[in-house]
Every structure is written in C-alpha cells, then in structure tokens.
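A closer look at the structure
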Amino acid sequence: MDRQSRMESENLRVRASDDEDRQSFRLYIPSFKLASLLSDEKDKSSVEYQRLTWDALRKSINGLVNKVNATNIKNIIPELFAENLIRGRGLFCRACIQSQMESPGFTDVFAALVAVVNSKFPQVALLLVRRVVLILKRAYMRNDKPQFLAAVKFVAHLVNQQVADEIIAFELLTVLLENPTDTRVEMAVAFVLECGALLEDVAPKGLHGIFEWFRGILHEGEIDKRTQYLIEGLFAIRKAKFQGYPAVRPELDLVEEKFSHDVSLDEEIDPEMALDVFKLDPVFIDKEEKYEALKKELLGEDEDGGGSYASSEEEDDEEEEMRIKDETEKQKRTRRS
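Going by an unreviewed UniProt entry, the protein chain carries the name MIF4G-like type 3 and comes from Arabidopsis suecica. Regarding the protein chain, the relevant UniProt record gives this comment under Sequence similarities (unreviewed entry): "Belongs to the CWC22 family." Within the UniProt record for the protein chain, the comment given under Subcellular location (unreviewed entry) is "Nucleus".

Listed below in structure tokens is the structure:
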C-alpha cells in the first residue's frame, strides 16, 4: 500500500474522534463549588470522587495551557507538573492541540511546553506527536488547508524542539513535493521556513536534497509566478543561514537533554481517545499516591502540591468576571453615546 492509500485509510479510522469531541463536553462547575464538592466527598475510591477530581484535573490543565506564553512559561511548568499528567495525558494533549489550532502564532510556546513535559514524561509527548501527525494526515486528505497549515507548523516546532525526530520533516516534504501543485509547494516553503534552521544543523545533506527538489520545480516552470517567488525567497533565506527564522527562541530553549520520538506518516496511529474521557479506576488511590511521590521528586520536598488547581482556576474565574464587567461597561457607554 502506497503512502497516499495509507493516509486515506487512516482518515477513515479517525473520523470517530469527532464523536469523542462532542461527547467530552461537560457542564461548567465553578472552581469554589468543585473544591467544596471534593472536600465533602469522603470516599476517595468512589465514582463520585474520581469524577470530581477528573473534572478538576481537566479544568486545571486547560487553564494552564490556555494562559501559557513565552514570558510565563517557566512559572506555568511547576503548576503543570503539580497536576497528575500521567492520568491527564489525554487531557493535556487535547488542550495543547486545541490551543495551538486556535492560536498558531503561539506554536513555538506550546512546543516548548511539550518539550519540557517530554523530558519528564516522554509517553505524554509521544501521544501528542502521534495525535498531531494524525490530524495532519486527516487535514491533508480533507483538503483542509487552515488545519493542515496549523498542524504543519506544530510538527515543525516539535521537530525544532527535538520532540519529534527530523525524519518526519523529510517525509512530509516528500509528500508535498513529489506531486507539486502551487498549494503544496507553498506549504512546503512554509514548513522549511519554520524548521529549516534545525534541519540545516542536524541533517544538512537531507535539506540540500530538498532544495534541489525546489530548484527542479523552479526549472520546470509549471507553477505560477507567486509560488516561484516564494521558492526564490526561500533560497535567499537559506543563503542568509535562516536569519530571522531561528529554530528555537532563547527564552524557549528550556531543555538540555533532548529525546526525540520517531513517528512516521506511514504507520497506523492509535490516538487513544479513550484517555480523554473519565473512566473509573479501581487502583485510583494507589496511582495518586505514586504521582504525589513523583511530584515531590520533580518539584522538591517543600512543594505544596495541593493548591495549584484552586489558585490558577480562581484567578481565571476572576479574570473572566472582570472581562465580562468591562464589556458590559463598554456596551453601556456605547448606547449612551
């Protein structure tokens, strides 16, 4: 089976994930109410307690991922590790992917966050890489250009952070350039702009081959003038050693020891969507105790692991209340004028 056929069959397999997305919606519970319910529940092995802690975990992870940026990422990381990322690995991946798709301009920040998580919990980062690759394949088959470009950008920065192996970069460029169209070449140029500096450093021969491919497309002259200008501009940027297009910004270079995951476009991927949905765990208490011990090792013995959810969520609730109040005042002023 060729790569195109594999991607078509994979597209059929992942459509069920849309249903998972719809089923994952839950009624909003305010932070103070959720904290009260947790404190009132005595049996920590009960379904009610486990569901409440799951909702608290989901809320906390979503809140932390949604507010991360290049300035506060070092403060967000300890709060994130204070949450059970092993239990919530599906929630973390979902939050990162949704936030990145909504705000592609922050892709390098989300990739940096994943890189730090990868240094401690590689299985969590591997799940995210697989899901992003799956989304990329699905968007390609659906001809969904906005989602495909967002996924391409995420893959590029996961490669830049060396969370994803550079092999997938060359696989993706091969898919885009083997049957070139204006749209595919434009996407390939955008991808190389994002991670060309890293590829030049770790795989210069492979990148040279890609640029020879671009050169051949130029010589054939079957693409329009705009696309030709994009390729010529890319050659100029490469000649300038990708100045202005760094692989990783200094403030986002947070991990010294890198560990890359080799995920291929050709492999069948299980996105493990069941991890995003609450399920009763018969050994819940034991797993929570193990993560508490691991959390102390990660954050230090003096770390108070109990308040990260409440504090971050209460701040988010206050910010939301202030935003609504501000918007209301603006509307009143507009009506008066």
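Now, onward.
This part is about the nonpolar core. Within the largest apolar cluster, 91 residues are counted, with the highest numbers of intra-cluster contacts made by Leu85, Phe92, Phe148, Leu158, Phe191, Phe214 and Ile231. Of all the elements, helix α8 (residues 122-142) adds the most residues to this core, at 12 residues. Setting aside chain neighbours within four positions, we find Phe191 in contact with Val152, Val155, Ala156, Ala169, Leu172 and Leu173.

Moving on, we come to the state of the cysteines. Throughout the structure, instances matching the rule amount to zero disulfides. Cys93 carries a free sulfur, and the closest cysteine sulfur to it, the one in Cys96, is 6.9 Å from it. Cys93 gets classed as buried once you look at its relative accessible area, which sits at 0%.

With that out of the way, let us pick up the packing of helix α10 (residues 167-178) against helix α12 (residues 204-220). It is at 11 Å that the axes of α10 and α12 come closest, and there the two elements cross at 10 degrees. The angle between α10 and α12 places the two elements in the roughly parallel class. In this structure, α10 contributes Phe170, Leu173, Thr174, Leu177 and Glu178 to the contact, and α12 contributes Gly206, Leu207, Ile210, Trp213, Phe214 and Ile217. Each residue belonging to the contact of α10 with α12 can be placed in one class, and the counts come to eight nonpolar, two polar and one charged.

Parameters and conventions
Residues numbered from 1 in each chain as written. Predicted model: local features only at pLDDT ≥ 70, side-chain atom pairs only at ≥ 80, totals over all residues. Heavy atoms only, no water. UniProt positions renumbered as here; feature names shortened; annotations may be inferred. Core = buried A, V, L, I, M, F, W, Y, C linked by side-chain atoms within 4.5 Å. Buried < 20%, exposed > 50% of the residue type's maximum accessible area, 1.4 Å probe, protein only. Helix = DSSP H or I, 4+ residues; strand = E, 2+ residues; numbered from the N terminus. Contact = heavy atoms within 4.5 Å. Disulfide = S-S within 2.5 Å. Axes fitted to C-alpha atoms, helices over the stretch in contact; angles between N-to-C directions. Parallel < 35°, antiparallel > 145°, perpendicular 65-115°, else oblique. Nonpolar A, V, L, I, M, F, W, Y, C, P; charged D, E, K, R; others polar.

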